[in-house]
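Here are the chains, one letter per residue:
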Amino acid sequence: MLFGTIFLMLTAAVQGRRQFEEQSVEMITFSGPLITWLTAGLTIIVVGGIVFAGLALFVLIFRRWRMVVEIVSFWMLLSCSLRPAERLAEQFGLPAAATAIISVALFLACMSVIYGTVLDRFRFGLDWKSSRRVRVKRPIEEVWPAFALAECGSDANWEQILHDVQPVPGEPDSFDVSYLMGPSIFLKQRQTVLASDAPTHYSYRFSGDVHGRNRRLTDGEFDVKLEPDGKSGTLVTAFHHQKAMLPRTALALWFDDQLGDALDGFAARSRGKRDWSMTGLEHRTTLSLS
């Protein structure tokens, strides 16, 4: 009786195991595509994370070669998703060796459009808007002079390349401002103060000294709001809007996150820390040559 009971239990266990295995096989077979996609997704995430970390390290070490990372990444995405070189070679019946030549030609054309002057001849511009927030570990009273140019002058301004500020005669809220861009090269602006509420809000409109037909290429607004963070520091919220820019210039500012990059550099310098921003690197180079 005992052995019979044990035999039945083992039989039930074996049958249950076989049934479980059969159900598992059916489940795996049924959900094969799902598992395949999950595996592919995880692989892409892992590989993408490794590539991203490698590129970030590359840009950190070779910061002046940032453009190489941008254009190569963009081209790899384009070539993998659309495969333009292969499609062109197939369409015109070209040999396989022509694919490499077409790839190089398309790559150079892509660089010319994004970073070159190809689009400058067309009469259109791109709006560029950016809003960023950064925490500066200084009291609001000490941060205010860095932005309030009309009230506090240029000595403590947050932009290192600010060169000269002159009030416009007969216009109490307007200033002629020049920024150092290189040896004896200056960017000149007319800045008109729109709001100056110490020490929380400063805003101005700017325009360049150019021909009227190209006025929109240099017009824009800058707005900054300051508020205490409750920890003896200041939250700086800045908004920069340029109504129209040359496409290559707008794309460069977008790729660099120029406003956020510049604010990060300012926050680092305010703490007495090393400025790792691209803007800070460019400004230090400019100042060293001038």
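Okay, so let's go over this structure. (Residues numbered from 1 in each chain as written. Predicted model: local features only at pLDDT ≥ 70, side-chain atom pairs only at ≥ 80, totals over all residues. Heavy atoms only, no water.)

## Notes on unusual backbone geometry
Note that the residue after Ala198, namely Pro199, is joined by a cis bond; omega there is -10 degrees. Along the chain, the position of Pro199 falls in the loop between β4 (185-197) and β5 (201-208). The residue Ser184 is not glycine, and still its phi comes out positive at about 60 degrees. Checked against the element boundaries, Ser184 lands in the loop between β3 (171-182) and β4. (Helix = DSSP H or I, 4+ residues; strand = E, 2+ residues; numbered from the N terminus.)

## Let's talk about the pattern of salt bridges
All told, the structure shown has 11 salt bridges when counted by the stated rule. In this structure, Arg135 engages Asp229 in a salt bridge whose closest nitrogen and oxygen atoms are separated by 3.2 Å. With Arg135 in strand β1 (residues 126-136) and Asp229 in the loop between β6 (220-228) and β7 (234-245), this pair connects stretches of sequence that are 94 residues apart. For Arg135, a relative accessible area of 46% corresponds to the partly exposed category. With a closest N to O distance of 3.9 Å, Arg284 and Asp275 form a salt bridge. Its relative accessible area of 31% is what places Arg284 among the partly exposed residues. Asp275 gets classed as buried once you look at its relative accessible area, which sits at 5%. (Salt bridge = Lys/Arg side-chain N within 4 Å of Asp/Glu carboxyl O. Buried < 20%, exposed > 50% of the residue type's maximum accessible area, 1.4 Å probe, protein only.)

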